[in-house]
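# Residue-level structure breakdown
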Amino acid sequence: MADHLSNFYVKDLKEICRIFKIKGFSKGNEDYIINLIQDKFMEDPFELLKRLSPDAIGLIAYFIIEERNTIPYDEMGD
């Protein structure tokens, strides 16, 4: 999971923390924030996924399967 999270900017990692109500990230560096997210997710991964919409879960699945954190314009569709 850390490998995938390391592809995000720090501002995006902080936004992930805000969305999932992870505390203690504001003054941390990239590695610290990644560890916070990883630790929180490993506590109960299904609890975190319950907060997401089906579209968000589908997007996460896409990123995992494609091993990327962006969607090429020609693949976006409608």
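Residues numbered from 1 in each chain as written. Predicted model: local features only at pLDDT ≥ 70, side-chain atom pairs only at ≥ 80, totals over all residues. Heavy atoms only, no water.

### What about helix H2 (residues 10-19)?
- Buried within H2 we find Leu 13, Ile 16 and Cys 17. The buried residues of H2 all sit within an arc of 100° when viewed along its axis, so they share a single face.
- The inward-facing, buried residues of H2 contact helix H1 (2-5) and helix H3 (30-43). (Buried < 20%, exposed > 50% of the residue type's maximum accessible area, 1.4 Å probe, protein only. Helix = DSSP H or I, 4+ residues; strand = E, 2+ residues; numbered from the N terminus. Arc of directions from axis to C-beta. Contact = heavy atoms within 4.5 Å.)

### Examining the packing of aromatic side chains
- Per the counting criterion, the structure on display carries one aromatic pair.
- Measuring from ring centre to ring centre gives 5.9 Å for Tyr 62 and Phe 63, while their planes differ by 65°; the resulting arrangement is edge-to-face.
- Since its relative accessible area comes to 18%, Phe 63 is described here as buried. (Phe/Tyr/Trp six-rings, centres within 6.5 Å; stacked < 30°, edge-to-face > 60°.)

### Some thoughts on helix H5 (residues 54-66)
- The end-to-end C-alpha distance of H5, which contains 13 residues, comes to 18 Å, matching closely the 18 Å that a straight helix rising 1.5 Å per residue would cover.
- Trailing H5 by a residue or two, Glu 67 shows a phi angle of about 55°, which is positive. (Expected span 1.5 Å × (residues − 1).)

### Considering the environment of Ile 16
- As for its position among the elements, Ile 16 is in helix H2.
- A relative accessible area of 19% means that Ile 16 is categorised as buried.
- With 18 residues separating them in the primary sequence, Ile 16 and Ile 34 have C-alpha atoms 9.9 Å apart.
- Not counting chain neighbours up to four residues away, the residues in contact with Ile 16 comprise Leu 5 and Ile 37.

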